[in-house]
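For reference, the chains in residue letters:
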Amino acid sequence: MAFVSFRSRLRAFQTMRCDPPEPGFIADLEFLENRDLDLSVRLGAMLGLNALLITIGTHPISASPGAPLSLDAPTQAGFVLANLAALLPLVISCFLALRAMLLGEEFDADGLEGDAALRQRLFASFIRSIDAQARLLYHAVRWTITGGALNLLLWGAILYAKMA
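Residues numbered from 1 in each chain as written. Predicted model: local features only at pLDDT ≥ 70, side-chain atom pairs only at ≥ 80, totals over all residues. Heavy atoms only, no water.

## Focus on the overall build of the chain
Test applied: Helix and strand assignments come from DSSP, with helices taken as H or I runs of at least 4 residues and strands as E runs of at least 2, each series counted from the N terminus. We call a residue buried when its accessible area falls under 20% of the maximum for its residue type, exposed when it is over 50%, and partly exposed in between, using a 1.4 Å probe and counting protein chains only. Values of accessible area rely on a 1.4 Å probe in the Shrake-Rupley scheme; residue burial ignores everything except the protein chains shown.
The number of helices and strands found in the chain is five helices and zero strands. Secondary structure elements in the chain, listed N-terminal to C-terminal, are α-α-α-α-α. The proportion of buried residues among the 164 residues of the chain is 34%. With an accessible surface of roughly 10200 Å², the chain has 67% of that area assigned to carbon and sulfur atoms.

Right under this line is the structure:
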């Protein structure tokens, strides 16, 4: 993906700003900006939760010997590999959350003249990025739920094997 300078977006916005914008335009823009901010907060929270879950998920491998969930790699290789596999959905979720956070509004003002066309393109770029971020967040949540469930099942299996 080629780097696109923010300069074209700034120039288009300055063109739109020359005429006093309608209150409806400002309200629409604020609505989209708030939705974008809401998604950014949710994605940041999801990323933080995933980091916590990954840390907790490594507990069976890193626990002190003798702890209820501790694993011994040479004698319990199957559980160790299963634990690492159960962390994979959480890593995928982190990737999706980071991808969504780094997604920007791609705005191209080339060939557009006038406020109305620039405003429509601005709204379209906002909506596209919001839709893409929401879709990636949806998938990140699904992967997090899957990874959390797999880790809980694995912990139950580890405890059952130790108690049996």
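## Topic: a nonpolar patch on the surface
So the rule is basically this: For patches, a residue must show more than 30% relative accessible area and have no salt bridge; joins then use 9 Å for like charges and 5 Å for nonpolar side chains, namely Val, Leu, Ile, Met, Phe, Trp and Tyr. Each reported salt bridge corresponds to a side-chain nitrogen of Lys or Arg within 4 Å of a carboxyl oxygen of Asp or Glu.
A contiguous nonpolar surface patch, about 240 Å² in accessible area, is contributed by Leu49, Leu52 and Ile56. Its relative accessible area of 48% is what places Leu52 among the partly exposed residues.

## Regarding the packing of helix α2 (residues 23-57) against helix α5 (residues 115-163)
Each packed pair of helices is defined by two parameters, the angle between the axes and the distance between the axes. So the rule is basically this: Every axis corresponds to a line fitted to the C-alpha atoms, with the helix fit spanning only the stretch in contact, and the corresponding angles, defined between N-to-C directions, vary from 0 to 180 degrees. For classification purposes, an angle smaller than 35 degrees is called roughly parallel, one larger than 145 roughly antiparallel, one from 65 to 115 roughly perpendicular, and anything else oblique. In this scheme the handedness of a crossing depends on how the near helix is turned from the far one: anticlockwise by less than a right angle means left-handed, clockwise means right-handed.
Where α2 contacts α5, the axes come no closer than 10 Å and their chain directions differ by 20 degrees. Taken as axis vectors, α2 and α5 run roughly parallel relative to one another. Between α2 and α5 the crossing geometry is left-handed.

## Regarding the pattern of salt bridges
Taken as a whole and assessed by the stated rule, the structure comprises two salt bridges. Two residues, Asp38 and Arg35, come together in a salt bridge whose shortest N-O distance is 3.1 Å. With Asp38 and Arg35 both in helix α2, this residue pair falls three residues apart, about one helical turn. Overall, Asp38 belongs to the partly exposed group, its relative accessible area being 29%.

## Some words on the packing of helix α4 (residues 77-102) against α5
How we decide: Under the convention adopted here, Pro, Cys and the residues Ala, Val, Leu, Ile, Met, Phe, Trp and Tyr are nonpolar, Asp, Glu, Lys and Arg are charged, and Gly plus all remaining residues are polar.
The geometry of α4 relative to α5 is characterised by a closest axis approach of 8 Å and an angle of 165 degrees between their N-to-C directions. The orientation of α4 with respect to α5, classified from their angle, is roughly antiparallel. As for the relative orientation of α4 and α5, their crossing is left-handed in sense. When its residues are assigned to classes, the contact of α4 with α5 shows 19 nonpolar, nine polar and one charged.

## With respect to the environment of Gly147
To be explicit about the condition: It only takes one pair of heavy atoms within 4.5 Å for two residues to be counted as in contact.
Looking at the secondary structure, you find Gly147 in helix α5. In sequence terms Gly147 and Gly57 are 90 residues apart; their C-alpha atoms lie 9.0 Å from each other. Excluding anything up to four places from it in sequence, Gly147 contacts Ala86, Pro89 and Leu90.

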